[in-house]
Amino acid sequence: MSVRLFQDSGAPTLYNEFMKKAKTKVMGATLRNRRHDQYEFLNSDIYIAYRERYLQHLVKNQDMLEVAVNLDIINNAEATYQNQKWFEEHGAKVLPVWHFGTSEEYLHRYIDEGYDYIAIGGLIPNASSVLVGPLDKLWGHTLCDAAGNPRVKIHGFAMTAFELMRRYPWYSVDSSSWLKVGAYGKIFMPKKDRRGIWRWDKNPVAFVISEVGRGKGLGANESPAYRRAVFDLIEECGFPIGENREIGGRLVTKKEGLINSYLWRTKWNIFHMQKFTETLPSWPWNFRVERHELL
């Protein structure tokens, strides 16, 4: 079976590691808390060596890569643009990256130069309430044409907010929330509407399903009827609940399932994300028309 990968550059991790070694605070990405940075990072041995290794990796493995992301420089649009050209000059095709909150001149430049697939970073840790206004303007005036149709494909880095995934015509997004939720003993669950129908198209709730978590009092405000309904839905979708037994005051797995297995919780959260994305219009959809039906 042939596998084609979406290769991230690891730029935020690299930058944060450098800043820690320099005994400087790591990047502040919120719109109101972006610190002045002289970008000594760009002249460091760790950065120069990493960029060369990343280039060699991309050239060597290009047949496996569907998309390879440019090595973006956090909140530095010019250095990110120069890296875009550097990788291309050295034989690697990379996905352009523009950081939310930096000069839109560079976003226009990528579009005008004919790039048809662009990534947007710098969205976290800003709250959705902070992002909606600027993103409405960005999609309404730059990323879509006058009729509201996307001009290019847009990838959203760390796009974890379901309301934002519904609101804008992203071509692709990535998120680790489904992994983190499972690690904390929770799963994404759709909400029920007034008719008792599970709504996969709405913002989910994080339901505490781990028996360890519930033993600590998490999710104690949920009614037995609601919990039974959740379990019924899980089983209807073909997932095992699991079973534990107590030995010597400890819970021991008798049968693996969502209550005791991170792997099964992860599988469920992937399933939930698939069900959610199936409710979205097929790309490209019109930002001005169809988004109102999704809110």
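Counting of residues starts from 1 at the beginning of each chain's written sequence and follows it residue by residue. It should be noted that, the model being predicted, local features are given only for residues of pLDDT at least 70 and side-chain atom pairs only at 80 or more, the latter also being counted only at that level, while totals for whole chains, interfaces and linings use all residues. Values reported for side chains reflect all heavy atoms of the structure, with hydrogen atoms and water molecules removed beforehand.

S.K.: Pulling in residues and values, what's your account of the overall build of the chain?
M.R.: Within the chain, the regular secondary structure consists of 11 helices and 12 strands. Note on exposure labels: buried denotes an accessible area under 20% of the residue type's maximum, exposed denotes more than 50%, and partly exposed covers the range between, all computed with a 1.4 Å probe on protein chains only. In the chain, which comprises 295 residues, the proportion classed as buried is 45%. Once local pairs closer than 6 in sequence are excluded, the contacts in the chain between residues at least 24 apart make up 61%. Per-residue and other accessible areas follow the Shrake-Rupley method at a 1.4 Å probe size, with only the shown protein chains counted as cover for residues. Taken as a whole, the chain presents about 16,100 Å² of accessible surface, with 51% of it coming from carbon and sulfur. Segments assigned H or I by DSSP are reported as helices when at least four residues long, segments assigned E as strands when at least two residues long, and all are numbered from the N terminus. Pairs of residues are marked as contacts when any of their non-hydrogen atoms sit within 4.5 Å.

S.K.: Break down helix α9 (residues 224-236) for me, with residues and values.
M.R.: Each residue after the first adds 1.5 Å to the expected span of a helix. Taking 1.5 Å per residue, 13 residues should reach 18 Å; α9 reaches 18 Å between its end C-alpha atoms and fits that length. The set of residues buried in α9 consists of Arg-227, Ala-229, Val-230, Phe-231, Leu-233 and Ile-234. Looking one or two residues beyond α9, the residue adopting positive phi is Gly-238, at roughly 90 degrees.

S.K.: Give a detailed account of the packing of helix α3 (residues 77-89) against helix α4 (residues 104-112), specifying residues and quantitative values.
M.R.: Helix axes use the C-alpha atoms of the stretch in contact, all axes being lines fitted to C-alpha atoms, and the angles between their N-to-C directions lie in the range 0 to 180 degrees. Running from N to C, α3 and α4 point in directions that differ by 25 degrees, and their axes come no closer than 9 Å. Accordingly, the angle class assigned to the pair α3 and α4 is roughly parallel. For the pair α3 and α4, the sense of crossing is right-handed. The residues of α4 that touch α3, namely those facing Ala-77, Glu-78, Thr-80, Tyr-81 and Gln-84, are Tyr-106, Arg-109 and Tyr-110. The cut-offs work like this: below 35 degrees is roughly parallel, past 145 is roughly antiparallel, 65 to 115 is roughly perpendicular, and the gaps in between are oblique. By definition, any crossing whose near helix is turned counterclockwise from its far helix by less than a right angle is left-handed, and any crossing with a clockwise turn is right-handed.

S.K.: Please set out the sheet that holds strand β4 (residues 117-121) residue by residue, giving values where relevant.
M.R.: In spatial order, the strands read β3-β4-β5-β6; together these four strands make up an open sheet with parallel pairing. Edge positions in the sheet fall to β3 (97-99) and β6 (172-173), since each has one partner strand and no second. A pair of strands is treated as paired once DSSP finds two or more bridges between them. With two bridges joining them, strand β5 (residues 153-156) and β6 adopt parallel strand pairing. Within β6, the residue paired with Gly-156 across the bridge is Val-173.

S.K.: Go over helix α10 (residues 262-278), please, and point to the residues and values.
M.R.: One full turn of an α-helix is made of 3.6 residues, so residues set three or four places apart face in the same direction. Taking 1.5 Å per residue as the helical rise, α10 with its 17 residues ought to reach 24 Å, and the 24 Å between its terminal C-alpha atoms agrees with that figure. Restricting attention to buried positions, one finds in α10 the residues Arg-265, Thr-266, Trp-268, Asn-269, Phe-271, His-272, Met-273 and Phe-276. Those residues of α10 hidden inside the fold are in contact with α6 (162-167), α7 (177-183), β7 (186-189) and α9. Any N or O atom pair separated by 3.5 Å or less is treated as a polar contact, with the protein-specific requirement of one donor-capable and one acceptor-capable atom, and with residues adjacent in sequence counted only for side-chain atom pairs. If you check the start of α10, you find a side-chain oxygen 3.3 Å away from the backbone N of Leu-263, and it comes from Ser-261.

S.K.: Tell me about the environment of Glu-235, and name the residues and values.
M.R.: Here Glu-235 lies in helix α9. Filtering out sequence-adjacent residues up to four positions away, Glu-235 remains in contact with Arg-228 and Ile-241.

S.K.: Summarise the pattern of salt bridges; cite the residues concerned and give the values.
M.R.: Here, a salt bridge means any side-chain nitrogen of Lys or Arg that lies within 4 Å of a carboxyl oxygen of Asp or Glu. For the structure on display, the rule yields 11 salt bridges. A salt bridge links Glu-113 to Lys-85; its shortest N-O distance comes to 2.8 Å. Note that Glu-113 is positioned in the loop between α4 and β4 and Lys-85 in helix α3, a separation of 28 residues in sequence. A relative accessible area of 21% places Lys-85 in the partly exposed class. Lys-254 is the salt-bridge partner of Glu-243, the closest N and O atoms lying 3.4 Å from each other.

S.K.: Mind laying out the environment of Gly-148, listing which residues take part and the relevant values?
M.R.: Relative to the helices and strands, Gly-148 resides in the loop between α5 (128-143) and β5. As for Gly-148 and Trp-285, which are separated by 137 residues in sequence, their C-alpha atoms are 8.5 Å apart. Among all residues touching Gly-148, those that are not within four sequence positions of it are Trp-285, Asn-286, Phe-287 and Arg-288.

S.K.: Before we move on, can you summarise the confidence of the model for the chain with the specific residues and values?
M.R.: Each residue carries a pLDDT value, the predictor's own confidence for that position, ranging from 0 to 100. Across the chain, the average pLDDT comes to 87, with 88% of residues at 70 or higher. Scored below 50 in pLDDT, residues 26-34 makes 26 contacts in the model with residues more than four places away or belonging to other chains.

S.K.: Can you lay out the packing of aromatic side chains for me, pointing to particular residues and giving the numbers?
M.R.: Under the pairing criterion, centres of Phe, Tyr and Trp rings, with the six-membered ring standing for Trp, must be within 6.5 Å; the plane angle then separates stacked pairs below 30 degrees from edge-to-face pairs above 60, leaving the rest tilted. What the rule picks out here adds up to 21 aromatic pairs. Consider the rings of Trp-200 and Trp-268, whose centres lie 6.2 Å apart with planes at 45 degrees: the pair is tilted. Taken together, the residues span a long stretch of sequence, with Trp-200 in the loop between β9 (198-199) and β10 (205-208) and Trp-268 in helix α10 at a distance of 68 residues. The exposure class assigned to Trp-268 is buried, which follows from its relative accessible area of 0%. An aromatic cluster is defined as three or more aromatic residues linked by ring pairs; in this entry it consists of Trp-200, Phe-239, Trp-264, Trp-268 and Phe-271. For the cation-ring pair, Lys-153 lies above Tyr-171, with the distance from its terminal atom to the ring centre recorded as 4.7 Å. Counted as over-ring charges are cases with an Arg CZ or a Lys NZ within 6 Å of the ring centre that also lie within 35 degrees of the ring normal. Lys-275 extends its terminal NZ or CZ atom over the ring of Trp-200, reaching a point 5.2 Å from the ring centre.

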